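Take a look at the letters that make up each chain.
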Amino acid sequence: MAEPSRLAEDPQLLLLHAAGLGRGSWDAVVERIPGFARTLAIDLPGHGGVPGLGYDRDVVPRLAEYVAERVAALGLRRPHVVGHSLGGVVALELARRVPVSAVTALCSMGFRAACHASLCVVRTRAVLRLSSVVGPRTRGRLLARKLVRTLVMGNLSARPAALRADLAAADMSSMIANDLGALCRYAGHYTFRAPEVDDITSVNLVWADRDRVVPLGDAARARQVLPRAQHYVIPGSGHLVVRDDPEGAAAVIHACHAQLLWKRQSDIRRGARAEM
């Protein structure tokens, strides 16, 4: 964890994973971010041994409240919060509850029509049911085949056959073991409505142009809800951007974090000149 005295100069990256995955899903991205960006990934409720919630239509705000408590417990001061999918909209909700320096949301839920969300829920739950029929070892052997990876991961990845077989098997086992089913049932229908985000909070929305779960068209509504947000597109990636293109994800996070640090340093210089 970053020392409190450094947080004002070098805000820490707090990473929030997608539904069904876990903090380990960030590993390939984090190792590609330049060393100045200090990182802390946490498991959301229902993942990595953290007890789940009583899921209902308020699950996203409740997840944000959980993260707010973790931010306080960890002694973080205005972290730069980065979220993927469900983690993205939880990060946006978090910015309503605690001071954060910036939010960078990759393939964020919360900006789509209910009918599209329902279709994604149906597809995801069907894949999980089929995959849970076999044990982990058999699942791993099956996912070693490119055709099986294409069939099982094609809804999430733009390049399922190119995914590493061990990571695909680990992700699928994680989705089955964690609370993805319950989260999809409720969080899939959640809509981020009001732009009640601190005016000094930088918001970056990152999209993948081959995302079948959160289509690029959702950016249009996001611009209406959060008109001050900056938008980025990672080309050739699907919803599982942390697997499809960890280099691209790391690059855009690095760019957003570098911009935050530049703004912070500019504010410090302006303040110093004002005191002269």
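Residues numbered from 1 in each chain as written. Predicted model: local features only at pLDDT ≥ 70, side-chain atom pairs only at ≥ 80, totals over all residues. Heavy atoms only, no water.

1. Quick word on the overall build of the protein chain
Helix and strand counts for the protein chain stand at 12 helices and 6 strands. Looking at the protein chain as a whole, 53% of its 276 residues qualify as buried. For the protein chain, the accessible surface area stands at approximately 12,400 Å², while carbon and sulfur atoms represent 55% of it. (Helix = DSSP H or I, 4+ residues; strand = E, 2+ residues; numbered from the N terminus. Buried < 20%, exposed > 50% of the residue type's maximum accessible area, 1.4 Å probe, protein only. Areas by Shrake-Rupley, 256 points an atom, 1.4 Å probe, with all protein chains shown as cover.)

2. Some remarks on the pairing of strand β3 (residues 80-84)
Of all the 5 residues making up β3, 5 are buried; the element is thus mostly covered by neighbouring parts of the structure. Side-chain alternation along β3 places H80, V82 and H84 on one buried face and V81 and G83 on a second face that is also buried. Bridge count between β3 and strand β4 (residues 102-106): 5 bridges; the pairing is parallel. Bridge pairing in β4 links H84 to L106. (Pairing = 2+ DSSP bridges.)

3. Comments concerning the environment of R123
Summarising the element assignment, R123 is placed in helix α5 (residues 114-131). Counting along the chain gives 90 residues from R123 to V213, while the straight-line C-alpha distance between them is 9.7 Å. Dropping the residues within four chain positions of it, R123 is found in contact with N155 and R212. (Contact = heavy atoms within 4.5 Å.)

4. Considerations on the sheet that holds strand β6 (residues 230-234)
Across the sheet, which stays open at both edges, the 6 strands sit in the order β2-β1-β3-β4-β5-β6 with parallel pairing between neighbours. Two strands bound the open sheet, and with one partner strand each, they are β2 (39-42) and β6. Between one strand axis and the next, the sheet turns through 20 degrees on average, direction left out of account. Contacts from helix α4 (residues 86-94) reach β1 (13-16), β3, β4 and β5 (202-208), with the element oriented near 145 degrees to β3. Across the sheet, helix α10 (residues 218-225) touches β5 and β6, and the angle it forms with β5 is around 170 degrees. (Axes fitted to C-alpha atoms, helices over the stretch in contact; angles between N-to-C directions.)

5. Details of the packing of helix α6 (residues 136-143) against helix α8 (residues 165-177)
Orientation of α6 relative to α8, taken along the N-to-C sense of each, is 140 degrees, at an axis distance of 9 Å. In terms of orientation, α6 and α8 fall into the oblique class. Seen from above, α6 lies across α8 with right-handed handedness. Taken together, the residues of α8 that come into contact with α6 (itself represented by R139, G140 and L143) are A165, A168, A169, M172, S173 and I176. (Parallel < 35°, antiparallel > 145°, perpendicular 65-115°, else oblique. Left-handed = near helix turned anticlockwise from the far one by under 90°.)

6. Remarks on the pairing of β6
Inspection of the sheet shows β5 paired to β6 by 5 bridges, in the parallel sense. Directly across from A208, in β6, lies its bridge partner I234. Note on the crossover from β5 through α10 to β6: the handedness is right-handed. (Right-handed = clockwise from strand over helix to strand, strands pointing away.)

7. Description of the packing of helix α3 (residues 59-73) against α4
The interhelical angle for the contact between α3 and α4, taken along N-to-C directions, is 70 degrees, at an axis separation of 8 Å. The orientation of α3 with respect to α4, classified from their angle, is roughly perpendicular. The interaxial crossing formed by α3 with α4 has right-handed handedness. Residue-level contacts link V60, P61, L63, A64, V67, A68 and V71 of α3 to L86, V89, V90, E93 and L94 of α4. The residue inventory of the contact of α3 with α4, partitioned by class, reads 11 nonpolar, no polar and 1 charged. (Nonpolar A, V, L, I, M, F, W, Y, C, P; charged D, E, K, R; others polar.)

8. Notes on empty space enclosed by the protein
As enumerated under the stated definition, the model contains 3 cavities of 30 Å³ or more in all. Within this model, the largest cavity holds a volume of roughly 260 Å³. What lines the largest cavity is a set of 21 residues, and nearest its centre among them are S85, L180, C184, V213 and H239. Elements with a contribution of two residues or more to the lining of the largest cavity: α5 and α9 (180-187). (1 Å grid on protein atoms, 1.4 Å probe; cavity = no way out; pocket = protein on both sides within 12 Å on 5 of 7 lines; lining within 4 Å. Points joined across faces, edges and corners; volume = space filled by probe spheres on them.)

9. Notes on the pattern of salt bridges
A complete count under the given rule lists 9 salt bridges for this structure. A salt bridge links R23 to D43; its shortest N-O distance comes to 3.6 Å. Taken together, the residues span a long stretch of sequence, with R23 in the loop between β1 and α2 (27-30) and D43 in the loop between β2 and α3 at a distance of 20 residues. Look at D43 and you get buried, because its relative accessible area is 12%. Among the salt bridges present, the one from D166 reaches R164, with a minimum N-O distance of 2.6 Å. On the basis of relative accessible area, R164 is assigned to the exposed category, the value being 52%. (Salt bridge = Lys/Arg side-chain N within 4 Å of Asp/Glu carboxyl O.)

10. Looking at the confidence of the model for the protein chain
When pLDDT is averaged along the protein chain, the result is 83, and 84% of the positions lie at 70 or above. Note that pLDDT drops below 50 for residues 1-9; the model gives that stretch 18 contacts with residues more than four away or on any other chain. (pLDDT = per-residue confidence, 0-100.)

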